[in-house]
Amino acid sequence: MLEKRTGLKPISEAAKSEMQNKLNHKCKPIGGLGKLEGLAVKLAGIEGTVDLKTQKRMCLVFAADHGVEREGVSATPRNVTALQAQNMMAGHTTVAAMAIANHCAVQVVDIGIDADLNDPKVLDRKIRKGTTDILDGPAMTREEAEESIQIGHDVAQQAIDDGNQILAIGELGIANTTISSAIISVMLNEPVANVVGRGSNISDKRMLHKIDVIEEAISKWQPDATDPIDVLSKVGGFEIGGKVGAMICAAENGVPIIMDGFISEAALTIADGLYPGISQHIIASHASKERGTQLVMQRYDLDPLLELNMAVGEGSGAVLVLSLIDAMQSVLKNMNTLEDLDVFFTK
Ligand SMILES: Cc1cc2ncn([C@H]3O[C@H](COP(=O)(O)O)[C@@H](O)[C@H]3O)c2cc1C
Ligand SMILES: O=C(O)c1cccnc1
């Protein structure tokens, strides 16, 4: 199913230089808006126009459970995934609260929660009730890995067809910083200890155990870094596949997609393995507190806009970037140009 895709919409170099030119003519020092100028230029390149379309936005939150939670790698048990999924659609989690402040809709997608939710607000695209414990077997079959990507693609396409002009992606899944570390370690060929972090705030002792668990799983199943679906199936998670599919779909449609923290980083390594260069279509929001973040950003030539020391996930960092995008829209619309005011630089 992956081979049949049409390909990513090319980045418009013309729109990028037109946007930079526009910003250079605003009545401010050249480059004065720093990374915010890069953000506007990148958005123009993705959308293929300087008339940015950003008003209608949605955060897609892929939620799933993980067999490896049984190994004691997290600060809470797995039932928090289901609890937070419903709490989120009621408007009361971190990303839900921040989305309200940023005029962003939130849609939770149950792609593998280990519970019967029966909540009409949660989109039911469950593959199965959580992955296999990666110490007992591969997390999922190859078919399930492909299905997870297809679901993410379908859900993102629906969001775009419904008129959303910009997407943010988040997740829920107790133990998903463990599997994200495994994926990043394999895809970047980095020792596990260089990428792993404290997730939802675990102790030193638990973190050492987390490293052991990941190393054991990688050595047991030998995921092949040249085959991203193999990596996703052996040490991945359903919500990561969902994010991969959403990234691919957005890039095909020329719709900007804002990644969140560490779990998005793991998804990016898989998406880039399938579509090299896809990071040009993706906005990096914040630098997650997890250790591997800098390695991922460097590898894919990304420069996160925010450094807030956050470790929540859910899409919280991605949604915060919407306020920066709104600020740039206002700059583009309301600021005078140098010519309007007869200002010239002498340097
Ligand atoms: C109360 C609570 C709310 C959360 N919201 C997001 N996460 C985040 O933490 C989890 C990943 O961390 P780990 O790999 O350490 O389990 C995911 O559910 C992620 O969304 C939460 C975690 C907790 C505990
Ligand atoms: O960086 C993240 O995305 C993250 C960190 C801790 C817990 N959940 C997510």
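Residues numbered from 1 in each chain as written. Chains lettered and ligands numbered in written order. Predicted model: local features only at pLDDT ≥ 70, side-chain atom pairs only at ≥ 80, totals over all residues.

The name that an unreviewed UniProt entry assigns to the protein chain is Nicotinate-nucleotide--dimethylbenzimidazole phosphoribosyltransferase, with the source organism given as Lentilactobacillus rapi DSM 19907 = JCM 15042. In the Sequence similarities (unreviewed entry) part of its UniProt record, the protein chain is described as follows: "Belongs to the CobT family." A UniProt comment under Function (unreviewed entry) is attached to the protein chain, and it reads "Catalyzes the synthesis of alpha-ribazole-5'-phosphate from nicotinate mononucleotide (NAMN) and 5,6-dimethylbenzimidazole (DMB)." (UniProt positions renumbered as here; feature names shortened; annotations may be inferred.)

Trainee: I keep staring at the pairing of strand β1 (residues 57-64) and nothing clicks. Help me out?
Mentor: Each regular strand carries side chains that alternate between the two faces of the sheet. Most of β1 sits out of view: eight of its eight residues are buried. Here β1 shows no split at all, with Arg57, Cys59, Val61 and Ala63 on one side and Met58, Leu60, Phe62 and Ala64 on the other all buried. (Buried ≥ 20, exposed ≤ 12 C-beta atoms within 10 Å, placed from the backbone. Helix = DSSP H or I, 4+ residues; strand = E, 2+ residues; numbered from the N terminus.)

Trainee: For this particular structure, what's the right way to read unusual backbone geometry?
Mentor: Phi is mostly negative for residues that are not glycine, and the peptide bonds are mostly trans. Residues other than glycine seldom take positive phi values, yet asparagine 118 does so here, at roughly 50°. With respect to the helices and strands, the residue asparagine 118 is situated in the loop between β2 (105-112) and β3 (123-124). In this structure asparagine 118 comes out as exposed when scored by C-beta crowding, with 8 C-beta atoms within 10 Å. Phi is positive for alanine 175, which is not a glycine, with a value near 85°. Here alanine 175 is to be found in the loop between β4 (166-172) and α6 (176-188).

Trainee: In this structure, what is going on with the site of ligand 2? I would like to understand it.
Mentor: Around ligand 2, the structure places Thr177, Gly199, Ser200, Asp260, Gly261, Phe262, Ile263, Ser288, Glu290, Ala311, Val312 and Gly313. Taken together, the residues of the shell around ligand 2 sort by class into four nonpolar, six polar and two charged. (Near = placed C-beta within 6 Å. Nonpolar A, V, L, I, M, F, W, Y, C, P; charged D, E, K, R; others polar.)

Trainee: Sorry, what's going on with the environment of lysine 126 here?
Mentor: Residue position: lysine 126 is located in the loop between β3 and α5 (142-161). Residue classification places lysine 126 among the buried residues on the basis of 21 C-beta atoms within 10 Å. Along the primary structure lysine 126 and proline 256 are separated by 130 residues, whereas in three dimensions their C-alpha atoms are 26 Å apart. Non-local contacts of lysine 126, meaning those with residues more than four positions away in its chain, are made with Asp110, Ile111, Gly112 and Ile113. (Contact = placed C-beta atoms within 7 Å.)

Trainee: Would you take a moment to explain the site of ligand 1 for this structure?
Mentor: Contacts to ligand 1 come from 19 residues, most closely from Ser74, Thr177, Gly199, Ser200 and Gly313. Elements with a contribution of two residues or more to the shell around ligand 1: α3 (79-89), β4 and α6.

Trainee: It is not clear to me how the sheet that holds β3 should be interpreted in this structure. Could you clarify?
Mentor: The strands that make up a sheet are held in pairs by hydrogen bonds between backbone atoms, and each pair lies either parallel or antiparallel. The parallel open sheet is built from six strands, whose spatial order is β3-β2-β1-β4-β5-β6. If you trace the sheet from one side to the other, it starts and ends with β3 and β6 (282-284), each paired once. Where helix α10 (residues 238-253) meets the sheet, it contacts β1, β2, β4, β5 (257-259) and β6, and its direction lies at approximately 150° from that of β1. (Pairing = 2+ DSSP bridges. Axes fitted to C-alpha atoms, helices over the stretch in contact; angles between N-to-C directions.)

Trainee: Explain the domain arrangement of the protein chain here, please?
Mentor: Where the parts come together, the accessible area they lose is often given as the size of the interface. Splitting the protein chain by domain gives domain 1 (13-51 + 331-341) and domain 2 (57-322). Inter-centroid distance (C-alpha atoms) of domain 1 to domain 2 is 32 Å. Across the contact, seven residues belong to domain 1 and six residues belong to domain 2. For the side of domain 1 that touches domain 2, the class distribution of residues is three nonpolar, one polar and three charged. (Domains from an automatic or database assignment.)

Trainee: Whenever I open this one, helix α13 (residues 316-334) confuses me. Can you help?
Mentor: One turn of the α-helix equals 3.6 residues, which is why residues spaced by three or four share an orientation. Here α13 spans 28 Å end to end across 19 residues, near enough to the 27 Å set by a 1.5 Å rise per residue. The inward-facing, buried residues of α13 abut α2 (34-47), β1, α4 (94-101), β4, β5 and β6. (Expected span 1.5 Å × (residues − 1).)

Trainee: What is the right way to read the pairing of β4 from this model?
Mentor: Of all the seven residues making up β4, seven are buried; the element is thus mostly covered by neighbouring parts of the structure. Side chains Ile166, Ala168, Gly170 and Leu172 of β4 all project onto a buried face; the interleaved residues Leu167, Ile169 and Glu171 project onto the opposite face, where all are buried too. Pairing of β1 with β4, which is carried by seven bridges, proceeds in the parallel orientation. Directly across from leucine 60, in β4, lies its bridge partner isoleucine 169. As judged from the two bridges shared by β4 and β5, these two strands associate in the parallel manner. Bridged to alanine 168 within β5 is isoleucine 258.

Trainee: So what exactly am I meant to see when it comes to the packing of α6 against helix α11 (residues 262-274) here?
Mentor: Contact geometry for α6 and α11: axes closest at 9 Å, N-to-C directions at 35°. When the axes of α6 and α11 are compared, the crossing they make is left-handed. Facing α6, whose interface residues are Asn176, Thr177, Ser180, Ile183, Ile184, Met187 and Leu188, α11 presents Phe262, Ile263, Glu265, Ala266, Thr269, Ile270 and Gly273. Classifying every residue of the contact of α6 with α11 by side-chain character gives eight nonpolar, five polar and one charged. (Left-handed = near helix turned anticlockwise from the far one by under 90°.)

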